[in-house]
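What follows is each chain in one-letter form.
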Amino acid sequence: MRLLMRHEPALRAFARSLLPDWQTVDEVIQEASIELWEKFDQIDGEDGFLPYAKVVVRFKCLSAVRDMRRDRHLFSEGVLELLADEAEQLDAAENAPALEALRSCLDRFSDPHQELLLAPYSGTGRVRTLAESQGKSANALYKLLGRLREKLSRCVESTLEKEAC
Amino acid sequence: MEPESLIHRYLIGEASPEEVEELDRQLASDPGLRKRLVREARLDAGLREIALERASGREEETAAGCRSRRAKRSVLWTWGTWAAAAALLAVGFVTWMQRPSGAVVATIASSEGASWESSVPTVPGSALPAGYLKLRSGIATVEFRSGARVRIESPAHLVLETPMRGRLLEGAAIVDVPDRAIGFVLETPGSHAVDHGTRFAVSVDEEARTSAFEVLSGEISVHHPGSGESVRLSERESILAQGEGLLRGGQEPGEKGRLPGISTGLRLATSGREATVIRNGEHEDRIHPDFLMAKRSSFLPGYDRRSVFAFDLADVDGGEVEGVRLRLNLVPCGLGFAARLPEESKFSLYGIVGRGEFRNLRWEEAPQPEEGTPVGTFTIPRSRRTGNFSVESDALTRFVRAHAGEPVTFLLVRDTDEAMGNGLVHAFASSRHPEASGPILEIN
């Protein structure tokens, strides 16, 4: 339980790199948690937990994508396998500094820009509501959001690089 | 389009099928871009965490800024029925648990069979910031940082203010104050006790608006700001604080509490005339005869649910109806996450004349709100998974009075949408439920 709680953010980020939306991520993590909970006795100590959990999540993600493929456009299976390999390489120890870097970078943006950056997670249609209230087109706001995310991402990466030196 | 832009469009769900295809092609051939996507997914996860955190932080500020109102954010921890499902719920709250806001005021020293509704963590050993604790069942000991220990018995509502000050709004407590915490203040509605190194018992009767203090050893002083009265109490002395002032108690403690009044009214059950309907009939496997479910989701409208249940008012004499109450028992059905609901969900009840056919009832055939008379609403905080909720209104009384002698049906609808997909499905016990009773109509 404690292990699950500790690694849950890392598992969520891992699933996010394979799945097209947050709802599916949450469903997959829920299913994976049940399985991990049930198989807890079989897991080899604390160090073995995260690698094992990633295998479970990977399997659940790929199976969720197979179910979704009928009615949505998704990455091909080959690319998903490659992405899963890549995501497994990502150093879990870097997650906490990455989140800290993200917090400090986000704080450098103006309040309206912070609101826009967080809008996609504040309920469906939030970006469109913002656009309406500002008298802008949703398209224009999505473009701005894309630029802000790129800027934010560059800031996080450069902060992490500086810390690594 | 630049591949980085494509990644962001993909992650915020704005990429067109052609763009997804384009990105897929580029990812297949570019290991650097795959690395990029994995890192952007981590950034996306972080942004979402911050968004959820800020949303809950805002609620916390509201609660702290307006203490007379009930604190908003609440988390229910049921240690007694700690099961995998509860464990999963806990996972969702992990970010809150790891970041208690503000300084530590107290810790939970121990608990026995405790289930909580609380704005602060309730795991034994947890460091607690200022906030409220509601003990729904069991006994628990809260140790303030000053050393004062407050043992509360359910049902109780304790507000942690500072290491030297707490407020008991409901319930009974025994307070132990060591020398280093002399001067510890326990407030109750309308009065407060200052402890001079002692052990005392206090019980707050919320309904009667009284607080009883009894010194077990040592000395306390009790103040009643309303009347300006203050008294010092020593061992075995007791006092009752009420609206007008302080009333010295006798030395005979007797039995605490009083029995509820005896109801003389009529209690009607549905006798199995009840059903849940789901908007998309293909999801019929997501309803269950033990539950009367209600859900509204603009994210997945196919899973919207409403419930109908009928009562026969044949034995009711309209002229004698003075008041009516409809009781529903909230029970967990295991579907959805509470954290994805707004803090409170509002439900509306509609009265419909007559009794339809409830077997294999479909959404389109079921009564619609427009066909009924609105007879009342109630709200449920998202922290609540069980409990009795009732509707008692003039509209309900008028409806029952007007249709005495006939069969009537009620339609239950959740008006509140979920904040994210896969939110909690509210369920009330049907008459088939093995533990809780189904809908009851009380007529007085």
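If you're wondering where the values come from, they're calculated on a predicted model, not measured in any experiment.

## With respect to helix 4 (residues 77-89) of chain A
Residues and elements named next belong to chain A. Taking 1.5 Å per residue as the helical rise, helix 4 with its 13 residues ought to reach 18 Å, and the 19 Å between its terminal C-alpha atoms agrees with that figure. By the burial criterion, the buried members of helix 4 are Val 79, Leu 80, Leu 83, Ala 84, Glu 86 and Ala 87. Looking straight down helix 4, one finds that the buried residues subtend no more than 165° of arc, so they occupy a single side.

## Digging into the interface of chain A and chain B
Taken residue by residue, the interface counts 56 residues in chain A and 52 residues in chain B. Taken together, both faces of the contact between chain A and chain B bury some 5100 Å²; the carbon and sulfur share is 64%. Our count for the chain A to chain B interface comes out at 9 salt bridges. Across the contact surface, chain A and chain B share 16 residue pairs in polar contact (both at pLDDT 80 or more). Secondary structure elements with two or more residues in the side of chain A that touches chain B: helix 1 (2-16), helix 2 (22-38), helix 4, helix 5 (95-107), helix 6 (111-118) and helix 8 (138-164) of chain A.

## Quick look at unusual backbone geometry
Residue and element names in this part refer to chain B. A cis geometry characterises the amide bond from Ser 154 onward to Pro 155, with omega recorded as -10°. Turning to its location among the elements, Pro 155 is positioned in strand 5 (residues 149-162). A positive phi angle, near 70°, is found at Arg 236, a position not held by glycine. Its location among the elements puts Arg 236 in the loop between strand 12 (229-234) and strand 13 (238-241). Classification of Arg 236 as partly exposed rests on a relative accessible area of 45%. The phi angle at Asn 360 is positive, at roughly 50°, despite the residue not being glycine. Topologically, Asn 360 is positioned in the loop between strand 20 (344-353) and strand 21 (373-381). With relative accessibility at 70%, the residue Asn 360 sits in the exposed group.

Thresholds, definitions, all that
- Position numbers for residues count from 1 along each chain, tracking the sequence in the order it is written.
- Both sets of labels track the order of writing: A upward for chains, 1 upward for ligands.
- Only residues with pLDDT of at least 70 are given local features in this predicted model, and only at 80 or more are side-chain atom pairs given and counted; all residues enter the totals for whole chains, interfaces and linings.
- Neither water nor hydrogens contribute to the side-chain values; these are computed over all heavy atoms in the structure.
- Secondary structure elements are defined from DSSP: runs of H or I of at least 4 residues count as helices, runs of E of at least 2 residues count as strands, and each element is numbered from the N terminus.
- Under the convention used throughout, the expected extent of a helix is 1.5 Å for every residue step, that is, one less than its residue count.
- Partly exposed residues are those whose accessible area sits between 20% and 50% of the maximum for their type, while under 20% is buried and over 50% is exposed, using a 1.4 Å probe and protein chains only.
- The arc in question is traced by the directions running from the helix axis to the C-beta atoms.
- A contact between two residues is defined here by any heavy atoms of the two lying within 4.5 Å.
- A quick way to say it: buried area is the sum, across both parts, of accessible area lost when two parts are put together, with a 1.4 Å probe.
- Take a side-chain nitrogen of Lys or Arg and a carboxyl oxygen of Asp or Glu: if they are within 4 Å of each other, that pair is a salt bridge.
- Under this definition, polar contacts are N or O atom pairs within 3.5 Å; protein pairs additionally need one hydrogen-donor-capable and one acceptor-capable atom, and for neighbouring residues in sequence, both atoms have to be side-chain atoms.

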